[in-house]
Every structure is written in C-alpha cells, then in structure tokens.
Amino acid sequence: MTAILPTSPMQAHSQAANPRQDLREAAQAFEAIFVRQLLASARASDFGGSELFGGPGLEQFTAMRDEHFAEIASKQGTFGLAASIERQLVAFVENGGS
C-alpha cells in the first residue's frame, strides 16, 4: 500500500514543470497586473469631456480590453518588467533564497 501525501495543485504543477518556466510565468503575471493597474489609473483621469456612450457596459468592456492588452504586453516583453523580475527571481532561487 502506498501512502498518498496531500499536495496542493500548485505543488503538483511545479513538480511537473520546469522551475525556470514557472518563474517566467510568475514574472509575466506580475507584469500583466502592473500594466492593468497602470491603464486603470490612466483611464481614471478626467479631462472634463463627456462621452456619448458610457455606463457599466462600456466600463466592463474597457476593463476586459485593458486586461487582454496587459496579458499580450507581458507575454511579448513590451515593457521588459517580466524579464527583469525573472532575472531577479532566478538569482534569488540559485543563491538559496538569501
């Protein structure tokens, strides 16, 4: 009889995948979050104009469009944040976390 040890889905994923790929995906996800926040802040500014079309539907569409743009930008390395974060994470992991 073999013992079944509890593992989280994240642990199972990281054991099966390449650790460097996991770091790259984490860095890209962080960059996407940062870009989404950047876009949300830029859209929050009001220059005194009134839009012809608006409301919650437009706000939802804008949020979804910003999220999609942020995902694309982070995967293509448009801003370069993910690459910098990945380098720092790799150095941290290779040095044993110190």
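Residues numbered from 1 in each chain as written. Predicted model: local features only at pLDDT ≥ 70, side-chain atom pairs only at ≥ 80, totals over all residues. Heavy atoms only, no water.

**So, the overall build of the protein chain**
Just so we agree on the cut-off: Secondary structure elements are taken from DSSP: a helix is a run of H or I of four residues or more, a strand is a run of E of two residues or more, and numbering for both begins at the N terminus. Only protein chains enter the accessibility calculation, which uses a 1.4 Å probe; a residue is then buried when its area is under 20% of its type maximum, exposed when over 50%, and partly exposed in between. Here, two residues are considered to be in contact whenever any of their heavy atoms come within 4.5 Å of each other. The method behind every accessible area is Shrake-Rupley, applied with a 1.4 Å probe, and residues are considered shielded solely by the protein chains displayed.
Looking only at helices and strands, the protein chain has four helices and zero strands in total. Of the regular secondary structure in the protein chain, the N- to C-terminal order runs α-α-α-α. Looking at the protein chain as a whole, 16% of its 98 residues are labelled buried. For the protein chain, the proportion of contacts with a sequence separation of at least 24, taken over those separated by at least 6, is 76%. Roughly 7,800 Å² of accessible area belongs to the protein chain as shown, and the carbon and sulfur atoms make up 62% of that amount.

**Some remarks on the packing of helix H2 (residues 19-44) against helix H4 (residues 81-94)**
Operational definition: Comment: axis = line fitted to C-alpha atoms, over the contacting stretch for helices; angle = value between 0 and 180 degrees taken between N-to-C directions. Here the word oblique covers every angle except those under 35 degrees (roughly parallel), over 145 (roughly antiparallel) and from 65 to 115 (roughly perpendicular). In a left-handed crossing the near helix is turned counterclockwise from the far helix by less than a right angle, and in a right-handed crossing that turn is clockwise. In the scheme used here, Gly and all other residues not listed as nonpolar or charged are polar, with Ala, Val, Leu, Ile, Met, Phe, Trp, Tyr, Cys and Pro taken as nonpolar and Asp, Glu, Lys and Arg as charged.
For the pair H2 and H4, interaxial distance at closest approach is 8 Å and the crossing angle is 140°. One way to sum up the angle between H2 and H4 is to call them oblique. Our pair here, H2 against H4, has a crossing hand that is right-handed. Between H2 and H4, the residues in contact are Arg20, Leu23, Arg24, Ala27, Gln28, Phe30, Glu31 and Phe34 and Leu81, Ala82, Ile85, Glu86, Leu89, Val90 and Val93, respectively. Grouping the constituent residues of the contact of H2 with H4 by class yields ten nonpolar, one polar and four charged.

**Concerning the packing of H2 against helix H3 (residues 56-76)**
The interhelical angle for the contact between H2 and H3, taken along N-to-C directions, is 140°, at an axis separation of 8 Å. Relative to H3, the element H2 is oriented oblique. For the pair H2 and H3, the sense of crossing is right-handed. Seen from H2, the contacting residues are Gln28, Glu31, Ala32, Val35, Arg36, Leu39 and Arg43; seen from H3, they are Thr62, Arg65, Asp66, Glu67, Phe69, Ala70, Glu71, Ala73, Ser74 and Lys75. Looking at the contact of H2 with H3 residue by residue, the classes come out as six nonpolar, three polar and eight charged.

**Digging into the confidence of the model for the protein chain**
For any part of a model where pLDDT is low, the fine detail of the predicted coordinates should not be relied upon. Stated precisely, the cut-off is as follows: Here pLDDT means the predictor's own confidence in every residue, given as a number from 0 to 100.
Across the protein chain, the average pLDDT comes to 80, with 71% of residues at 70 or higher. Between the elements of the protein chain, mean pLDDT differs from a low of 53, seen in helix H1 (residues 9-16), to a high of 90, seen in H2.

**Section: the environment of Arg20**
Among the secondary structure elements, Arg20 is positioned in helix H2. In this structure, Arg20 is in contact with Glu86 and Val90, ignoring residues within four places of it in sequence.

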